[in-house]
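Structural features, examined
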Amino acid sequence: FLSRTLEDGGTMWSPLFPWNGCGAYQSATLGVSSFAFLPYAFMNLINPIMAIIFAYLKIGIIYKDNEKY
């Protein structure tokens with residue numbers, strides 16, 4: 001669960017931080033700061049919450065029975 005949630009959050013939040021490659025590229029390409037882009041990043045803001053809800057409800061997660069394998 002933790003690795004999936006960290007990946008979901010890290011991938012989606014990456015453009016919002018100007019000190020990494022993704023944020024620097026998008027900031028330079030769009031000509032605006034990463035923080036100015038924040039109010040329009042609905043998917044980036046909602047994704048960590050949805051990942052936690054999906055993990056809690058066991059949606060999209062395949063569980064293997066250890067006794068069979």
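Look up a bit, the structure's there.
Residues numbered from 1 in each chain as written. Predicted model: local features only at pLDDT ≥ 70, side-chain atom pairs only at ≥ 80, totals over all residues. Heavy atoms only, no water.

A few words now on the packing of aromatic side chains. Summed over all chains, the structure comprises two aromatic pairs. Judged by centre distance (5.1 Å) and plane angle (40°), the ring pair of Phe17 and Trp19 falls under tilted. Of the residues examined, Phe17 reaches a relative accessible area of 30% and is grouped as partly exposed. You can call Trp19 exposed: its relative accessible area is 65%. An aromatic cluster of at least three residues, connected via ring pairs, comprises Trp13, Phe17 and Trp19. (Phe/Tyr/Trp six-rings, centres within 6.5 Å; stacked < 30°, edge-to-face > 60°. Buried < 20%, exposed > 50% of the residue type's maximum accessible area, 1.4 Å probe, protein only.)

A few words now on a nonpolar patch on the surface. The grouping of Leu38, Phe42, Leu45, Ile46, Ile49, Met50, Ile53, Phe54, Tyr56, Leu57 and Ile59 at the surface amounts to a nonpolar patch, some 1000 Å² of accessible area in total. Mapped onto the secondary structure, Phe42 falls in helix 4 (residues 42-57). (Patch = residues over 30% accessible without salt bridge, like charges linked within 9 Å, V, L, I, M, F, W, Y side chains within 5 Å. Areas by Shrake-Rupley, 256 points an atom, 1.4 Å probe, with all protein chains shown as cover. Salt bridge = Lys/Arg side-chain N within 4 Å of Asp/Glu carboxyl O. Helix = DSSP H or I, 4+ residues; strand = E, 2+ residues; numbered from the N terminus.)

Turning our eyes to something else, we now look at helix 1 (residues 2-13). Look at helix 1: 16 Å from first C-alpha to last across 12 residues, which is about the 16 Å you get at 1.5 Å a residue. Next to the buried residues of helix 1 lie helix 4. (Expected span 1.5 Å × (residues − 1). Contact = heavy atoms within 4.5 Å.)

What follows covers the side chain of Asn44. Take Asn44: it is sitting in helix 4. If we skip the residues at most four places from it in the chain, Asn44 touches Met12, Trp13, Pro15 and Leu16.

For Asn47, the position within the fold is in helix 4. Taking relative accessible area as the criterion, Asn47 reaches 18% and is therefore assigned buried. Sequence-distant contacts of Asn47, that is, excluding residues within four places in its chain, are made with Asp8 and Met12.

By themselves, these observations are geometric and do not establish any function.
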